[in-house]
Amino acid sequence: MSNAVSTTRKPAARAGRPKGDPGHGGQRNAALAWLTVPALFFFLAFAVVPLAGVLILSFASWDGIGAIGSAGLGNWFSVLADPGLYNALGLTFLIMIASWLVQTPISLLLGVFTAGSQRYRAALAVLYFLPLLLSSAAVAIAFKALLDPNFGLATGLGLPFLAQDWLGVPQLALGLVIFVIAWQFVPFHTLIYQGGVRQIPRSLYEAAEIDGAGTIKQFFHITLPQLKYTIITSSTLMVVGSLTYFDLIFVLTGGGPGNSTRILALDMYLRGFRANLMGPASVIAVILVLIGLALALFLQRLGGKDKQGSQLEGM
Amino acid sequence: MSTVLKSNAEETPTGSRPNPAAPKRGLGNRMRRLNVPAGLGGWIWLAIIIIPIYYVVITSLKTQEGYFGQNPLAVPTSPTLENYQMVLEADFAQYFMNSTIVTLGAVIPTVLISFMAAFAIVRGKGRFLKLVNGMFLMGLAIPLQATIIPIYLMIIRLNLYDSLLALMLPSIAFAIPLTVLILSNFIRDVPNELFESMRLDGCSEWQTMWRLALPLTRPAIVTVAIYNGLHVWNGFLLPLVLTQSPGLRVLPLALWTFQGEYSVNIPAVLASVVLSTLPILVLYVVGRRQLLSGLTAGFSK
């Protein structure tokens, strides 16, 4: 590797930058550019190429095993005419919005809480982050057992209202999915907010104290505005991440009962790998990618125009 | 407390100087006043987190009779490890090995090549590096799971279907954007004078990278390694789609199939959950401070 860098350095520099930077030359930049090649290779091969591939496959017919044929616009027409798509789209956005509404306030408050200097808060924080360690499959399996009406939490805590057919009633299953997602992902976002809170200059609070602002005022007038970019970072990760809650829902409900928790990612998997309709599944995948991009751009806009781009960098 | 601080401020020049502890105490005071509702909320959330975990652990130690007979949250009267024995006999040692191989095989290259790229992005200028950086940032916004179908096709064409390598390659690609981002945030913090002095000593960028940037960003490297490790270890979709033979199962997939086969034996299923998490838990206990402080810093810069 070291050899490759030093031998190719000069010609690359000459070819790439005939004039070069006036000060410290393009030669150095060319050498540096080579360092990105391995990462670039992997990213191109297994992220960018598949991204192009998914677009191409959305116009193909393939059962996952045999030959790949052309389907023209057929997949698109059939998927766009399928009420299943709109069900999945609606559920995806519903879970996305509900998850954001549930997770953001909790994570924010817990982030402020764990950023405090008291010892017991640090100790609690260690326990808060335990769900981060569990796989989605483990979490889903644990909650399935936990919600058993006879041998689970309802009996254990003596709370009969917990003894519901959680996985059998559409609304309950949906609520359960949102709760379990929050259980699993709040710790991560708490961590982000904790870091954000710790970066707020103390002098702001000191000034507010002097002005006689109470805790609640301080929270709304200092903490919250200061966390603006943290909120955008966390929300971006949360919202884009919600498009890929596949594993948890797959193991927990399998999309059921009926199709009541069949979000887009799951719909893509089931169409592609269960129904062996890779073309239509690719259409769903393209829609997923477009939604992800649109959401990320939208959230960056919220962060302010000149902050665009640098905000993502700021994560 | 707050009145003390106020009077302090009123006497401004004399009051604030000889008492450097005042602002600190003032902050502590702010937090202390929050205590009651915040503390309450904190403990409630703890209960929400801990009760399910507690339930899983104690149930995994119960016999079937204990599971059906006892209060679900009661400590088992005659704790047993037979569930764990049963799980281990169901080839979990093999799955554990598979998970370890895939995790190490994905994380080590990811961190290495992402570090190199991050170093170049921070140190260099020019259109090419900007483009590369922009592309990685874009990768953050794209739900990469959506590319699973073409990845499946590629893995088949590469003759890698049903192999552990098939799990590593896409895992590396998926992890690169965030890893580069976090590492470049940390490399950016290395004082420029240090780079300058390396340059004056006649070191090449290659040497600067290994001798200066690497040691100075080691905490960040450990952090991203653990973070990526968690992701790969817990990953489910790639193994579900790209492997088939039981001998190649990784832990999350094994959990899922085990749960399907032994759905009547809940204590054994939960023992498999505990067992699959145990190595990560050990890692967490050892590297907790590193992981948590690194992640807070990495994400909220």
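The structure displayed is predicted, hence computed values, not measured ones.

(A) Representation of the overall build of chain A. Helix and strand counts for chain A stand at 16 helices and two strands. Going through the 315 residues of chain A one by one, you find that 55% of them count as buried. Summarising the internal contacts of chain A: among those between residues at least 6 apart in sequence, 65% fall at separations of at least 24. Element-wise, carbon and sulfur atoms account for 67% of the exposed surface of chain A, whose accessible area totals about 13,100 Å².

(B) Just a nonpolar patch on the surface, in detail. Among the surface-exposed residues, Leu278, Leu281, Val282, Val285 and Val286 of chain B lie close enough to one another that they form a single nonpolar patch of about 450 Å² accessible area. For Leu281 of chain B, the position within the fold is in helix α14 (residues 266-299).

(C) Quick look at unusual backbone geometry. The backbone phi angle of Asn276 of chain A is positive, close to 55°, even though this residue is not glycine. Looking at where Asn276 of chain A falls in the secondary structure, it is placed in the loop between α14 (264-274) and α15 (278-302). Assessed through its relative accessible area of 35%, Asn276 of chain A is described here as partly exposed. One non-glycine residue, Asp162 of chain B, lies in the positive phi region at around 65°. Looking at the secondary structure, you find Asp162 of chain B in the loop between α7 (148-157) and α8 (164-187).

(D) The packing of helix α5 (residues 82-123) of chain B against helix α10 (residues 205-216) of chain B, seen in detail. Residue and element names in this part refer to chain B. Interaxial distance between α5 and α10 falls to 11 Å at its minimum, and their mutual angle equals 105°. Considering the angle they form, α5 stands roughly perpendicular to α10. Contact residues: α5 offers Leu112, Phe115, Met116, Phe119 and Arg123, while α10 offers Glu205, Trp206, Thr208, Met209, Trp210, Ala213 and Leu214.

(E) The confidence of the model for chain B, seen in detail. Residues and elements named next belong to chain B. Mean pLDDT over chain B works out to 82, with 87% of the residues at or above the 70 mark. By mean pLDDT, the top-scoring element of chain B is helix α12 (residues 237-242) (94), and the lowest-scoring one is helix α1 (residues 2-10) (35). Counted against residues more than four places away or in other chains, residues 1-32, with its pLDDT under 50, gives 31 contacts.

(F) Spatial organisation of the pattern of salt bridges. Counting across every chain of the model gives five salt bridges over all chains. Between Arg123 of chain B and Glu205 of chain B there is a salt bridge, with the nearest N and O atoms lying 3.7 Å from each other. In this pair, Arg123 of chain B sits in helix α5 while Glu205 of chain B sits in helix α10, placing the two residues 82 residues apart along the sequence. In terms of burial, Arg123 of chain B and Glu205 of chain B fall into one category: buried. One salt-bridge network, held together by shared partners, links Asp82, Arg262, Asp267 and Arg271 of chain A.

(G) Focus on the environment of Arg211 of chain B. Note on placement: Arg211 of chain B falls in helix α10. Ignoring any residue separated from it by four or fewer positions in sequence, one finds Arg211 of chain B in contact with Met198 and Cys203 of chain B.

(H) Looking closely at the interface of chain A and chain B. Taken together, the contact pairs 112 residues of chain A with 112 residues of chain B. With both chains or domains summed, chain A and chain B bury close to 9,900 Å², and 76% of this area falls on carbon and sulfur atoms. The three residues of chain A that bury the most area against chain B are Phe46, Leu133 and Phe151 of chain A, which together make up 8% of that side's buried surface. Inspection of the chain A/chain B interface yields zero salt bridges. Seen at the junction of chain A and chain B, the total is nine residue pairs in polar contact (both at pLDDT 80 or more). Grouping the constituent residues of the side of chain A that touches chain B by class yields 73 nonpolar, 27 polar and twelve charged.

(I) Representation of the nonpolar core in the model. Ranked by size, the top nonpolar core spans 182 residues in total, and within it Ile95, Phe246, Leu264 and Tyr269 of chain A together with Phe136, Ile149 and Leu242 of chain B carry the most contacts. When residues of this core are assigned to their parent elements, the largest contribution, 16 residues, is made by α5 of chain B. Not counting residues up to four positions away in its chain, the partners in contact with Phe246 of chain A are Ala265, Leu266 and Tyr269 of chain A together with Gln145, Phe236, Leu237 and Leu240 of chain B. Formed by 13 residues, the second largest nonpolar core is a distinct cluster that contains Leu108, Tyr205, Leu227 and Ile231 of chain A.

(J) Examining the side chain of Glu205 of chain B more closely. A residue is classified by how much of its surface remains accessible, and Glu205 of chain B, at 8% relative accessible area, is buried. If we skip the residues at most four places from it in the chain, Glu205 of chain B touches Arg28 and Leu32 of chain A together with Phe119 and Arg123 of chain B.

(K) Molecular detail of the packing of aromatic side chains. Taken as a whole, this structure holds 31 aromatic pairs over all chains when the rule is applied. Residues Phe92 of chain B and Tyr95 of chain B carry aromatic rings whose centres are separated by 5.3 Å and whose planes lie at 75° to one another, so their mutual orientation is edge-to-face. Of this pair, Phe92 of chain B and Tyr95 of chain B are both found in helix α5, three residues apart, which corresponds to roughly one turn of the helix. Neither residue differs from the other here; Phe92 of chain B and Tyr95 of chain B are each classed as buried. Following the ring pairs from residue to residue traces out a cluster consisting of Trp62, Phe246, Phe250, Tyr269 and Phe273 of chain A together with Tyr152, Tyr161, Phe236 and Trp256 of chain B. One residue, Arg123 of chain B, lies across the ring of Phe195 of chain B, its end atom 4.0 Å from the ring centre.

Conventions used here
- Residues numbered from 1 in each chain as written.
- Chains lettered and ligands numbered in written order.
- Predicted model: local features only at pLDDT ≥ 70, side-chain atom pairs only at ≥ 80, totals over all residues.
- Heavy atoms only, no water.
- Helix = DSSP H or I, 4+ residues; strand = E, 2+ residues; numbered from the N terminus.
- Buried < 20%, exposed > 50% of the residue type's maximum accessible area, 1.4 Å probe, protein only.
- Contact = heavy atoms within 4.5 Å.
- Areas by Shrake-Rupley, 256 points an atom, 1.4 Å probe, with all protein chains shown as cover.
- Patch = residues over 30% accessible without salt bridge, like charges linked within 9 Å, V, L, I, M, F, W, Y side chains within 5 Å.
- Salt bridge = Lys/Arg side-chain N within 4 Å of Asp/Glu carboxyl O.
- Axes fitted to C-alpha atoms, helices over the stretch in contact; angles between N-to-C directions.
- Parallel < 35°, antiparallel > 145°, perpendicular 65-115°, else oblique.
- pLDDT = per-residue confidence, 0-100.
- Buried area = accessible area lost by both parts, 1.4 Å probe.
- Polar contact = N/O pair within 3.5 Å; in protein donor to acceptor, adjacent residues only side chain to side chain.
- Nonpolar A, V, L, I, M, F, W, Y, C, P; charged D, E, K, R; others polar.
- Core = buried A, V, L, I, M, F, W, Y, C linked by side-chain atoms within 4.5 Å.
- Phe/Tyr/Trp six-rings, centres within 6.5 Å; stacked < 30°, edge-to-face > 60°.
- Lys NZ or Arg CZ within 6 Å of the ring centre and 35° of its normal.

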